[in-house]
2 protein chains.
Amino acid sequence: MISATIIGTGNVAMNLCEAFKLCGSVLLKQVIGRNPKVLENFQAYAKTSTDFKMILDSDVCVIAVSDDSITSISKHFTNYNGLLIHTSGSVAVHALPKECRKGVFYPLQTFSNGRTIDFNKVPICIEAEEEVDFELLKNLAESISRSVFKISSEQRRSLHLAAVFVNNFTNHLYEVGQHICRENNVPFELLKPLILETAKKMESLSPNKAQTGPARRRDKKTIDGHLEQLKNKKQKEIYKSLTESITETPYGKKL
Amino acid sequence: MISATIIGTGNVAMNLCEAFKLCGSVLLKQVIGRNPKVLENFQAYAKTSTDFKMILDSDVCVIAVSDDSITSISKHFTNYNGLLIHTSGSVAVHALPKECRKGVFYPLQTFSNGRTIDFNKVPICIEAEEEVDFELLKNLAESISRSVFKISSEQRRSLHLAAVFVNNFTNHLYEVGQHICRENNVPFELLKPLILETAKKMESLSPNKAQTGPARRRDKKTIDGHLEQLKNKKQKEIYKSLTESITETPYGKKL
């Protein structure tokens, strides 16, 4: 049994509570957060506290707070005896206090309020400075996920950048699509099966093989027509930069 | 029973053959295509021919060929007595010969070789010039899909443009993500659960509510770091134009 503390009350913290509870091999001793109101949602999982000084002993303390708060919050735990880890994709392991045993536990998934994620399928990228700590982290990760990877801070930085493209930017393209639908009185609902199939295709096709559309065909007539349809300057820019990038990409045989 | 002919041997033609066969209320009489080798795959569904002049009588003839071939190929069918329809998102109904009864049957989905689509869930956008033809098209569409919409040529043009953003451009962002992974020796597999969840979120959240990431938080430090990491000029441009567009988008409460 691994004993754990969670710092933070956001979506990652909540999903971790649920995953630790379900797996049966992690004893969640405590959740600490600044907001007493939000902490109430965590009382079903562990003891809660708003005082960072009141941290109990445990094997691992998971700092699941926003990227820019990791360094300041972790300073409260320089006397903590367990393994201190954060869950961020873009923050180096060295951002944690040098006095501590430290590591990273980055679940590569998007967590939203009200959506419970099946942690079993979430890739967890782990990193630790000492071998014994790495083993502990590995056991912790494998107790909730079937997909655990040893990833260095440098590799994690790249993964996080790639994730910005496939998640944050993709989501914004959905918003542009919705905007175009609204302006032309067609329901965005019509695009949802297409959005899902575009993602599902990645199970069996590489993105290079799956690429279709006017830019892939170098169909200048359709591209010019689209640019004329777009009235929004920023949307035109996005259209142009993505179309140019697709046009410059090497593909196999002509579709 | 509606009798039908299909012109074309691509992925849309193949998926339509399968859907017509499954529904039991469409009699597919004939498939016509130029390539005798590819036509062999269609012999299980109907009679096949490589000669456009040999078209048999039917209620509906579906021209499922690439956008730029619709006008030239449809000229072979000026004597056809049934309803002539094409399946394109970006071609107007008037592209078909003026001598014919004509319409559009646009299945808003991405069709790939080797992936069979459940047509029941594919939104079909239909348009016809005459009321009686519209009724026939509606019956045809409803025999294979639960999601049928009356959409004008103008609306369809907008839907097609929106589809380029959520499908073609999104797929290219996946390719950029894969490229970043490759360059940094991390498996692209790690991003696949994130790709799928990003799309699935649209079932329950609007893209505006689902937006996260450094651009949404206006986290200049992370954004500058990412731009420094990106060596590819086109990728930098895509990063900048999407980040600017996210930054200019109005959101509700701060995340």
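Residues numbered from 1 in each chain as written. Chains lettered and ligands numbered in written order. Predicted model: local features only at pLDDT ≥ 70, side-chain atom pairs only at ≥ 80, totals over all residues. Heavy atoms only, no water.

Draft legend 1. Layout of helix α4 (residues 131-144) of chain A. Residues and elements named next belong to chain A. Between its terminal C-alpha atoms α4 stretches 21 Å, which fits the 20 Å expected from 14 residues at 1.5 Å a residue. The complete set of buried residues in α4 reads Asp133, Phe134, Leu136, Leu137, Leu140, Ala141 and Ile144. All buried residues of α4 lie within an arc of 160° about the axis, which places them on one face of the element. Seen from the buried face of α4, the exposed residues on the opposite side, beyond 90 degrees, are Glu131 and Val132. (Helix = DSSP H or I, 4+ residues; strand = E, 2+ residues; numbered from the N terminus. Expected span 1.5 Å × (residues − 1). Buried < 20%, exposed > 50% of the residue type's maximum accessible area, 1.4 Å probe, protein only. Arc of directions from axis to C-beta.)

Draft legend 2. Local environment of the interface of chain B and chain A. Each partner contributes to the interface: chain B provides 83 residues, whereas chain A provides 83 residues. Of the roughly 8,400 Å² buried between chain B and chain A on both sides combined, carbon and sulfur atoms contribute 66%. For the chain B face of the interface with chain A, the top three residues by lost area are B:Arg115, B:Phe165 and B:Leu190, together amounting to 9%. Remark: the boundary between chain B and chain A carries 6 salt bridges. In this structure, B:Glu244 and A:Lys234 form a salt bridge, with 3.3 Å as the shortest nitrogen-oxygen distance. For the pair chain B and chain A, the number of links is 39 residue pairs in polar contact (both at pLDDT 80 or more). Contributions of two or more residues to the side of chain B that touches chain A are made by α5 (153-183), α6 (192-200), α7 (207-210), α8 (214-217), α9 (220-229) and α10 (233-248) of chain B. A total of 25 residues in the side of chain B that touches chain A trace back to one element, the largest contributor, which is α5(B). Of the residues assigned to the side of chain B that touches chain A, the class counts are 39 nonpolar, 29 polar and 15 charged. (Contact = heavy atoms within 4.5 Å. Buried area = accessible area lost by both parts, 1.4 Å probe. Salt bridge = Lys/Arg side-chain N within 4 Å of Asp/Glu carboxyl O. Polar contact = N/O pair within 3.5 Å; in protein donor to acceptor, adjacent residues only side chain to side chain. Nonpolar A, V, L, I, M, F, W, Y, C, P; charged D, E, K, R; others polar.)

Draft legend 3. Quick look at empty space enclosed by the protein. Throughout the structure, instances matching the rule amount to 1 cavity of 30 Å³ or more. Roughly 30 Å³ of internal volume is contained in the largest cavity. Taken together, A:Thr110, A:Asn167, A:Asn168, A:Asn171, B:Thr198, B:Lys201, B:Ala210 and B:Thr212 make up the lining of the largest cavity. With 3 residues, helix α5 (residues 153-183) of chain A is the single largest residue contributor to the lining of the largest cavity. When the residues that make up the lining of the largest cavity are grouped by side-chain class, the tally is 1 nonpolar, 6 polar and 1 charged. (1 Å grid on protein atoms, 1.4 Å probe; cavity = no way out; pocket = protein on both sides within 12 Å on 5 of 7 lines; lining within 4 Å. Points joined across faces, edges and corners; volume = space filled by probe spheres on them.)

Draft legend 4. Just the relation of the copies chain B and chain A, in detail. Expressed as a screw operation, the relation of chain B to chain A combines 0.0 Å of axial shift with a rotation of 180°, fitting to an RMSD of 0.0 Å. What the superposition gives is, in effect, a two-fold axis relating one chain to the other. Of the C-alpha atoms belonging to chain B, the one lying closest to the rotation axis is found on B:Thr170, 2.7 Å away. Mapped onto chain A, 100% of the interface residues of chain B again fall at the interface, so both copies present the same surface. (Least-squares fit on C-alpha atoms with pLDDT ≥ 70 in both.)

Draft legend 5. Main features of the packing of aromatic side chains. All names here are of chain A. Scanning the entire structure with this criterion turns up 10 aromatic pairs over all chains. Judged by centre distance (6.0 Å) and plane angle (85°), the rings of phenylalanine 52 and phenylalanine 77 are edge-to-face. Of this pair, phenylalanine 52 sits in the loop between β3 (47-49) and β4 (60-63) while phenylalanine 77 sits in the loop between α3 (70-74) and β5 (83-86); the two residues are 25 residues apart in sequence, bridging distant segments of the chain. Take phenylalanine 52 and phenylalanine 77: they sit in the same class, and that class is buried. With centroids separated by 5.1 Å and ring planes inclined at 80°, the aromatic side chains of phenylalanine 165 and phenylalanine 169 adopt a geometry described as edge-to-face. With phenylalanine 165 and phenylalanine 169 both in helix α5 and 4 residues apart, this pair spans about one turn of that helix. Residue phenylalanine 165 is classed as buried on the basis of its relative accessible area, which comes to 0%. (Phe/Tyr/Trp six-rings, centres within 6.5 Å; stacked < 30°, edge-to-face > 60°.)

Draft legend 6. Examining the sheet that holds strand β8 (residues 148-150) of chain A more closely. Residues and elements named next belong to chain A. Judged by pairing direction, the sheet is mixed, and its 8 strands sit side by side in the order β3-β2-β1-β4-β5-β6-β7-β8 without closing on themselves. The open sheet is flanked by β3 and β8, the only strands paired with a single partner. Averaged over neighbouring strand pairs, the angle between their axes works out to 25° when direction is ignored. (Pairing = 2+ DSSP bridges. Axes fitted to C-alpha atoms, helices over the stretch in contact; angles between N-to-C directions.)

Draft legend 7. How the structure looks around the environment of B:Thr249. As for its placement among the helices and strands, B:Thr249 is situated in the segment after α10. In this structure B:Thr249 comes out as buried when scored by relative accessible area, which is 14%. When the C-alpha positions of B:Thr249 and B:Lys53 are compared, they lie 54 Å apart, and in sequence the two are 196 residues distant. Among residues more than four places away in sequence, those in contact with B:Thr249 are A:His172, A:Glu175 and B:Asn208.

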